[in-house]
Number of protein chains: 2
Amino acid sequence: MRLLLLSNSKKSGFGYLEWAKPTLQSFLGGRVRRALFVPYAIVTRSHDDYVELVRRPFRELGLEVEGLHRAAEPQAAVAAAELIVVGGGNTWQLARSLHLLGLMDPIRRAVRGGTPYVGWSAGSNVACPTFQTTNDMPIVDPLGFDALGLVPFQINPHYLHGNPPGFQGETREERIREYLEANPRATVVGLREGTLLRVEGDALELVGDEPARLFRHGSEACEVQPGGDLRALLGS
Amino acid sequence: MRLLLLSNSKKSGFGYLEWAKPTLQSFLGGRVRRALFVPYAIVTRSHDDYVELVRRPFRELGLEVEGLHRAAEPQAAVAAAELIVVGGGNTWQLARSLHLLGLMDPIRRAVRGGTPYVGWSAGSNVACPTFQTTNDMPIVDPLGFDALGLVPFQINPHYLHGNPPGFQGETREERIREYLEANPRATVVGLREGTLLRVEGDALELVGDEPARLFRHGSEACEVQPGGDLRALLGS
């Protein structure tokens, strides 16, 4: 399997997805010409608008983008895709759409069969066994908590350590600890903004300028530096 | 109905629940002697620990606290309660417990019948028609999104306006806009920390030092000042 799982799309001082461009370039390696874009996480703008937004950064990489929402037969479009790209937004809305349209299985099958997968934020959440480590507001019934399960661990995208000054709510770490209390066999990767996980077969690498924070039940959290070998996580 | 719905329990420089003490005192009015505490939102500590934590502030108000988790017949305990208090923690865990134990209906019936209700954070989320405007991580299957529906609008507790510097994720307001896009007939009250809503029959008052932020589909958000008359929301 080949996966690029980004924490998020934006970085201060960079264009949309620009921070990840060198890694996208090396991941796609000039071999891919067309990307099938899954726009269902967007809520307050149209699917067409979302396709327009991602068209530009992918065009700079030499790829044409087509929106899955325009496909006459979405399951067939997934099976035929050269590359599957799942954008961020609201994870609940995305999961509901994938369930409603019967797309979880076809995407899982395609990616396990070798189709490369790029996701950011909600698109990284749904690559996990469940999307229950999302930060998003549960605006709709997702019709099930199961997700694609392309990796065996959970990702918390946009991971932020600690609270803004004065804020009294639970920190992200406290919420992840709650998740692990209820799901003690899971591993959660807190993926900071501007970082990504790259899976190439049985290799897993953290790319970016910041460490990731790893959480397991009953252990102290630990920080993993970019470039470090994370392949043990793929067996978790 | 008589409700006190707090955004949260803590405020910098104050003891646990201390910021709300004057309002709690006036709400309880020396008439109530025993509080039935619903501790199910807590995840990483025990229910007994949670009861101990709330015992002190309520004792200072002249009340004894008993934990619902210790009741031999929880539904009967709810029906017999002088006061129902629902603590914060993880809203999903709380909703799951209330569904599993068949307590949604008994609590709803008791409060509609006149038993006063005090909740904070998750305890305010479940007082709404659904708890889908929670900030919490969906660590467990809640067995349904329906909640107590004691008020006809949604609350977003710990409401925080804007993002911490540099953070690229969606703001709370953007998430609430997504909720309204999917649920256009709802009203959402962004309840800032250190503020609460007090319902006395058909009167609704905002108490605290900060305004609340009101969201409706298709309208600009508006700020409502403490002390303002919010009774129109009860008809929403």
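Coordinates for the structure precede this section.
Bear in mind the structure is a predicted one, so any value in this text is a computation, not a measurement.

Cut-offs and rules
- Residues numbered from 1 in each chain as written.
- Chains lettered and ligands numbered in written order.
- Predicted model: local features only at pLDDT ≥ 70, side-chain atom pairs only at ≥ 80, totals over all residues.
- Heavy atoms only, no water.
- Helix = DSSP H or I, 4+ residues; strand = E, 2+ residues; numbered from the N terminus.
- Rg over C-alpha atoms; globule rule 2.2 N^0.38 Å.
- Buried < 20%, exposed > 50% of the residue type's maximum accessible area, 1.4 Å probe, protein only.
- Contact = heavy atoms within 4.5 Å.
- Pairing = 2+ DSSP bridges.
- Axes fitted to C-alpha atoms, helices over the stretch in contact; angles between N-to-C directions.
- Least-squares fit on C-alpha atoms with pLDDT ≥ 70 in both.
- Arc of directions from axis to C-beta.
- Patch = residues over 30% accessible without salt bridge, like charges linked within 9 Å, V, L, I, M, F, W, Y side chains within 5 Å.
- Areas by Shrake-Rupley, 256 points an atom, 1.4 Å probe, with all protein chains shown as cover.
- Salt bridge = Lys/Arg side-chain N within 4 Å of Asp/Glu carboxyl O.
- Buried area = accessible area lost by both parts, 1.4 Å probe.
- Nonpolar A, V, L, I, M, F, W, Y, C, P; charged D, E, K, R; others polar.
- Core = buried A, V, L, I, M, F, W, Y, C linked by side-chain atoms within 4.5 Å.
- Polar contact = N/O pair within 3.5 Å; in protein donor to acceptor, adjacent residues only side chain to side chain.

Remarks on the overall build of chain A
A count of helical and extended segments in chain A gives 7 helices and 11 strands. Relative to the globule expectation of 18 Å for 236 residues, the C-alpha radius of gyration of chain A, 17 Å, shows essentially globular dimensions. In terms of its C-alpha atoms, chain A occupies a principal-axis envelope of roughly 45 × 35 × 35 Å. Taken over 236 residues, chain A has a buried fraction of 57%. Of the contacts made within chain A by residues no fewer than 6 positions apart, 68% connect residues no fewer than 24 positions apart.

Section: the sheet that holds strand 10 (residues 212–216) of chain B
Residue and element names in this part refer to chain B. Ordered in space as 6-7-10-11, the 4 strands form an open sheet in which the pairing is mixed. Strands at the two margins of the open sheet, each flanked by one partner only, are strand 6 (154–159) and strand 11 (222–224). Within the sheet, the average angular offset between the axes of one strand and its neighbour, ignoring direction, is 25 degrees. The pairing of strand 10 with strand 11 spans 3 bridges and is antiparallel. Its bridge partner being in strand 11, R213 is matched across the sheet by E223. Helix 7 (residues 172–182) rests against strand 6, strand 7 (187–192) and strand 10 of the sheet, and its axis sits at about 170 degrees to strand 6.

Details of the relation of the copies chain A and chain B
Expressed as a screw operation, the relation of chain A to chain B combines 0.0 Å of axial shift with a rotation of 180 degrees, fitting to an RMSD of 0.0 Å. Expressed as an axis order, the relation between the two copies is that of a two-fold axis. Across chain A, the smallest distance between a C-alpha and the rotation axis is recorded for P164 of chain A, namely 3.1 Å. Looking at chain A, 100% of its interface residues are interface residues in chain B too, so the copies touch through the same face.

Quick look at helix 1 (residues 21–28) of chain A
Residue and element names in this part refer to chain A. All of the buried residues along helix 1 are T23, L24, F27 and L28. Seen from one end, helix 1 has its buried residues packed into an arc of 125 degrees, which puts them on one side. Downstream of helix 1 by one or two residues, G29 has phi in the positive range, about 55 degrees.

Considering unusual backbone geometry
Within the chain, H158 of chain A stands out as a residue other than glycine whose phi angle is a positive 55 degrees. Notably, L17 of chain B is not glycine yet its phi reads approximately 65 degrees, a positive angle. Mapped onto the secondary structure, L17 of chain B falls in the loop between strand 1 (2–6) and helix 1 (21–28).

Some details on the sheet that holds strand 9 (residues 203–208) of chain B
Residues and elements named next belong to chain B. With mixed pairing, 7 strands are arranged side by side in an open sheet as 3-2-4-5-1-8-9. Strand pairing shows two members of the sheet lacking a second neighbour, strand 3 (64–67) and strand 9, which therefore form its edges. Neighbour-to-neighbour, the strand axes of this sheet turn through a mean angle of 20 degrees, independent of strand direction. Bridge analysis of strand 2 (residues 34–38) against strand 3 gives 4 bridges, and the strand direction is parallel. Bridge pairing in strand 3 places F37 opposite G67. Helix-sheet contacts for helix 2 (residues 47–60) involve strand 2, strand 3, strand 4 (84–86) and strand 5 (117–120), and the interaxial angle to strand 3 is about 160 degrees. Most of the contacts of helix 5 (residues 104–112) go to strand 4, to which it runs at about 130 degrees, and overall it touches strand 1, strand 4 and strand 5.

Here's the deal with a nonpolar patch on the surface
Residue and element names in this part refer to chain A. Together, L100, L101 and L143 make up a nonpolar patch on the protein surface, roughly 270 Å² of accessible area in all. Among the secondary structure elements, L100 is positioned in helix 4 (residues 91–100). Looking at L100, the relative accessible area reads 59%, which means it is exposed.

Points about the interface of chain A and chain B
Taken together, the contact between chain A and chain B spans 40 residues of the former and 40 residues of the latter. It is M137, Q168 and R175 of chain A in chain A that bury the most area against chain B; as a group they hold 22% of the surface buried on that side. Along the contact surface separating chain A from chain B lie 2 salt bridges. Sorting the residues of the side of chain A that touches chain B by element identifies strand 6 (154–159) and helix 7 (172–182) of chain A as the ones contributing at least two each. When residues in the side of chain A that touches chain B are grouped by element, the largest group, 8 residues, is from helix 7 of chain A. Among the residues forming the side of chain A that touches chain B, the class breakdown is 14 nonpolar, 15 polar and 11 charged.

Observations concerning the nonpolar core
If you look at the biggest cluster of nonpolar residues, it comprises 41 residues, and the most contacted ones within it are I84, L94, I107, Y117 and L197 of chain A. The dominant element in this core, judged by the number of residues it contributes, is helix 5 (residues 104–112) of chain A, at 4 residues. Those residues within four positions of I107 of chain A in sequence are excluded, and the remaining contacts are V78, I84, L98, Y117 and L148 of chain A. Core analysis: the second largest hydrophobic core is formed by 40 residues, Y40, M104, A127 and L233 of chain B among them.

Concerning the pattern of salt bridges
Here the structure, examined in full by the defined rule, presents 34 salt bridges over all chains. With a shortest N-O distance of 3.3 Å, D209 of chain B and K11 of chain B are connected by a salt bridge. Here D209 of chain B is found in the loop between strand 9 and strand 10, whereas its partner K11 of chain B is found in the loop between strand 1 and helix 1, with 198 residues between them in sequence. One connected set of salt bridges, linked through shared partners, spans D136 of chain A together with E170, R175 and E178 of chain B.

Some details on the side chain of R213 of chain B
Residues and elements named next belong to chain B. By secondary structure assignment, the location of R213 is in strand 10. One polar contact links R213 to E173, side chain to side chain, over a distance of 3.1 Å. Sequence-distant contacts of R213, defined by excluding residues within four places in its chain, comprise Y159, H161, E173, V188, V189, G190, R192, A221, C222 and E223.

The quantities given are spatial measurements derived from coordinates; they are silent on function.
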